[in-house]
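# Chains, contacts and geometry: an overview
These are the residues of each chain, in order.
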Amino acid sequence: MNYQKILYEILILAGISGLLATLIVVAKAILQNYGDCEIDINGKRKVTVKGGSSLLTVLAEENIFVPSACGGRGSCGACKCKVIDGGGPVLPTEKPYFTPAELSDNNRLACQVKVKNNIKIEIPEEIFNIRKFKAKVAKVEEFTYDIKGVTFDLISPREIDFQAGQYVQLRSPKYGKIRESVTRAYSISSKPSLENQLQLIIRKVPEGICTTWVHDFLKVGQEVEITGPYGDFFIRDTQADIIFVAGGSGKAPIKSMLEDLAEKGCQRKMSYFFGARTAKDLYLTDYMDSFKDKFPDFTYYPILSHPEATDNWEGKTGFVMPHFPDALRDPKNTEAYLCGSPGMIAAVTKGLKELGVPEDKIYYDSFA
Amino acid sequence: MEISPWILFWASIFTSNILLTNFLGMCSYLSVSREVESSFGLGTAVFFVTTATTAINWVVYHLIIVPADIIYLQYIIFIIVIAAFVQLTEIIVERFSPVLYYSLGIFLPLITVNCAILGISLFMIIRDYSFIQSVTFGAGSGLGWLLAIMLLAGIRTRLKEKFIPTGLQGAGMSLLITGIMALAFIGFSGIVNVQ
């Protein structure tokens, strides 16, 4: 008896919920069907999507990843973009994130704008260019005992459009005992004009999930997943002198920058400090040296902090900072581009500021 | 209960204001009361939802819950009804009246889980109101909530320029103000008692 009653009560409750859920589903299907809408992005690309969801969701489905930290609840304000036409009025939920000037300049939060008709938007080029790539390992080079250069052929899309100095994210699959798939960021070391290929320089981190996979498991011909390009570490278009400072695999973005600048025929004065422990941590030294033939004024300074007796090292030693005065002509008119560990970045930034390089001209890409 | 719906309506706005005497619906009250404009939008949405859901829940209670003898499930059922009603309203308003949607509709998701709305449905059952009484009680309570949040928003707007000790900034100050407002509303309570 009792159990019949329980069943009966559950049925009633389920009936009420089921009925209401059906009502909502039907209402959504009929009322929230806005048909196909066309989104015009930066006037360059047009995508046709099903209306009814937020701009953020729709763009993500088209593999355009506008940054978002809260996942579309309107609480982080990261998904700012410009909606030129067709976005409807600004919602009270968006107002706290913008100044009046930004509002009158058509700025909106992508997660709050619903796509109901054809709309026209503008997003930063860097975001617009972010894609998910399928790529194949073309070549693996051993630069040092713990640093490898890996070249990938892009399969789809075939081309990548990036600025020298930007980075991509590489996804490592599950392998061996590692039961999770992770993504890690690596700077692109190849030049932007090589648009069908990417080279990454990857140092083996002890216990690192992705770097161990790259060093011990990744084989030529294997397919991988790459997203990018990301980042705002790129050469500013000025005439100031440049000082590059890198350590370890931090050589990657600088290599890309130098190759790019060489192609563009850059005339600026440049010096490049590369810090390493011993001679066996140095790589691509001749190649970096060869840039002095491509620029009017370029010097490469490899510097060893702990040279061993067997290294027969005759070059500069110690930390990189004490050697900066050799290269600084006019500190106020010098831009610095740094890539390395957070500790090295902090120390070098401090050193440069003491020498008179303005803080806002020190750009860096720090990897943990 | 033999109380005239008309009196009940006014009583639920002033003498037994759902927010100021029962302190129900505090979360959205505190978080949205920063600006008068959005407070008005949210308050109107609460008014609409309380009026409609008391009516629906009264029918559901007397036609389904009581005959099926599942009174102990009333909390769950009321919540489901309120949530579904809010969702449906949002969908309908968004489609047919974009203007209304932008001023009011966007607040609807915020009040799905507003305890004042569930509280009103439960009071209506506990106090054994008739259908007419329930609807006027729902409408009055909604208006009372709207009144309370508008008052707080007005005060908070003026406070923006004033010095407030660090420890009291934000919710602390709002709760103090609410307490003082509740004291002021006690002045009404001698007129009629509906508890």
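Residues numbered from 1 in each chain as written. Chains lettered and ligands numbered in written order. Predicted model: local features only at pLDDT ≥ 70, side-chain atom pairs only at ≥ 80, totals over all residues.

Here the focus is the overall build of chain A. Summing up its helical and strand segments, chain A has nine helices and 17 strands in all. Of all 368 residues assigned to chain A, the portion counted as buried reaches 32%. Considering only intrachain contacts with a sequence separation of at least 6, the fraction spanning at least 24 residues in chain A is 69%. (Helix = DSSP H or I, 4+ residues; strand = E, 2+ residues; numbered from the N terminus. Buried ≥ 20, exposed ≤ 12 C-beta atoms within 10 Å, placed from the backbone. Contact = placed C-beta atoms within 7 Å.)

Let's shift gears to the overall build of chain B. If you tally the helices and strands in chain B, you get nine helices and zero strands. Buried positions account for 40% of the 195 residues belonging to chain B. Once local pairs closer than 6 in sequence are excluded, the contacts in chain B between residues at least 24 apart make up 80%.

Looking now at the interface of chain A and chain B. Every contact between the two is made by 17 residues of chain A and, on the other side, 17 residues of chain B. Tallied by class, the residues present in the side of chain A that touches chain B amount to eleven nonpolar, four polar and two charged. (Nonpolar A, V, L, I, M, F, W, Y, C, P; charged D, E, K, R; others polar.)

With 30 residues, helix 1 (residues 2-31) of chain A should cover 44 Å at 1.5 Å per step; its first-to-last C-alpha distance of 43 Å lies within 8% of that length. Of all 30 residues that make up helix 1 of chain A, zero are buried, and the element is exposed over most of its length. (Expected span 1.5 Å × (residues − 1).)

As a further point, take the pairing of strand 1 (residues 36-41) of chain A. Residue and element names in this part refer to chain A. Taken together, the six bridges between strand 1 and strand 2 (residues 45-50) define a ladder with antiparallel strand orientation. Bridge pairing in strand 2 links C37 to V49. In the sheet, strand 1 pairs with strand 5 (residues 119-122) via three bridges, with the strands oriented parallel. Paired with D40 across the strands is K120, a residue of strand 5. (Pairing = 2+ DSSP bridges.)

Here we come to the environment of T15 of chain B. Residue and element names in this part refer to chain B. In this fold, T15 is placed in the loop between helix 1 (5-13) and helix 2 (26-32). Note on T15: 22 C-beta atoms within 10 Å, which makes it buried. For the pair formed by T15 and F188, sequence separation is 173 residues and the distance between their alpha carbons is 5.0 Å.

Here we take up the nonpolar core. Residues L198, L200, F244, V245, I254 and Y272 of chain A are the most contacted members of the largest nonpolar core, which totals 59 residues. Shared between two domains, this core takes at least three residues from each, and those domains are domain 2 (131-230) and domain 3 (241-366) of chain A. If we ignore the near neighbours within four places in the chain, the residues touching L200 of chain A are V150, L170, Y186, I188, S189 and A252 of chain A. Counting residues in each nonpolar core, the second largest holds 44 residues, with L20, A84, L143 and L146 of chain B among its members. (Core = buried A, V, L, I, M, F, W, Y, C linked by C-beta atoms within 7 Å. Domains from an automatic or database assignment.)

So, about the packing of helix 3 (residues 36-65) of chain B against helix 7 (residues 115-126) of chain B. All names here are of chain B. At a closest axis distance of 9 Å, the pairing of helix 3 and helix 7 adopts a crossing angle of 40°. As the angle between them shows, helix 3 and helix 7 are arranged oblique. Read as a crossing pair, helix 3 and helix 7 show a hand that is right-handed. Within the contact between the two elements, helix 3 uses V46, V49, T50, T53, T54, N57, W58 and Y61 and helix 7 uses A116, I117, I120, S121, M124 and I125. In the contact of helix 3 with helix 7, the residues fall into nine nonpolar, five polar and no charged. (Axes fitted to C-alpha atoms, helices over the stretch in contact; angles between N-to-C directions. Parallel < 35°, antiparallel > 145°, perpendicular 65-115°, else oblique. Left-handed = near helix turned anticlockwise from the far one by under 90°.)

A word on the sheet that holds strand 14 (residues 298-304) of chain A. Residue and element names in this part refer to chain A. As summarised here, the arrangement of the six strands in space is 15-14-13-12-16-17, forming an open sheet in which the pairing is parallel. A single partner strand is all that each edge strand has here, and the edge strands are strand 15 (316-317) and strand 17 (362-366). By the bridge criterion, seven bridges tie strand 13 (residues 270-276) to strand 14 in an arrangement that is parallel. Within strand 14, the position partnered with A276 by the bridge is L304. The strands touched by helix 6 (residues 251-264) within the sheet are strand 12 (241-247), strand 13, strand 16 (334-340) and strand 17, with strand 16 carrying the most contacts at an inclination of about 135°.

Residues and elements named next belong to chain B. Looking at chain B, pLDDT values average 87 and 96% of them are 70 or higher. Taken element by element, the predicted model of chain B shows its lowest mean pLDDT in helix 5 (residues 98-103) (73) and its highest in helix 8 (residues 131-159) (93). Two summary scores accompany this predicted model of the complex, namely pTM at 0.55 and ipTM at 0.79. (pLDDT = per-residue confidence, 0-100.)

This brings us to the sheet that holds strand 8 (residues 167-172) of chain A. Residues and elements named next belong to chain A. Reading across from one edge, 9-8-11-6-7-10 is the order of the six strands in this open sheet, with antiparallel pairing throughout. Lying at the two open borders of the sheet, with one neighbouring strand each, are strand 9 (182-187) and strand 10 (197-203). Along the sheet, successive strands turn relative to each other by an average axial angle of 40°, direction set aside. Note that strand 6 (residues 131-142) and strand 11 (residues 223-230) share six bridges and pair antiparallel. Bridge pairing in strand 11 links R131 to G228.

Once that is clear, we can look at the packing of helix 1 of chain B against helix 8 of chain B. All names here are of chain B. For the pair helix 1 and helix 8, interaxial distance at closest approach is 7 Å and the crossing angle is 25°. For the element pair helix 1 / helix 8, the angle class is roughly parallel. In terms of crossing hand, the pair formed by helix 1 and helix 8 is right-handed. Contacts between helix 1 and helix 8 involve P5, L8, F9, W10, S12 and I13 on the former and, on the latter, I132, Q133, T136, F137, A139, G140, S141, L143, G144 and L147. Split into classes, the residues belonging to the contact of helix 1 with helix 8 amount to ten nonpolar, six polar and no charged.

Before going further, it helps to spend a moment on the pairing of strand 12 of chain A. Residues and elements named next belong to chain A. Summarising burial for strand 12: seven of the seven residues are buried, a large majority. Of the two faces of strand 12, both are covered, the one formed by D241, I243, V245 and G247 as well as the one formed by I242, F244 and A246. Bridge count between strand 12 and strand 16: six bridges; the pairing is parallel. Each residue of the ladder has a partner; that of F244, found in strand 16, is Y337.

Along the chain, S156 of chain A connects to P157 of chain A via a cis peptide bond; the corresponding omega equals -10°. Positionally, P157 of chain A belongs in the loop between strand 7 (147-156) and strand 8. Here the bond from G228 of chain A into P229 of chain A is cis, since omega is -5°, no more than 30 degrees from zero. Assignment of secondary structure puts P229 of chain A in strand 11. A positive phi angle is found at D128 of chain B, which is not glycine, with a value near 60°. Residue placement: D128 of chain B occurs in the loop between helix 7 and helix 8.

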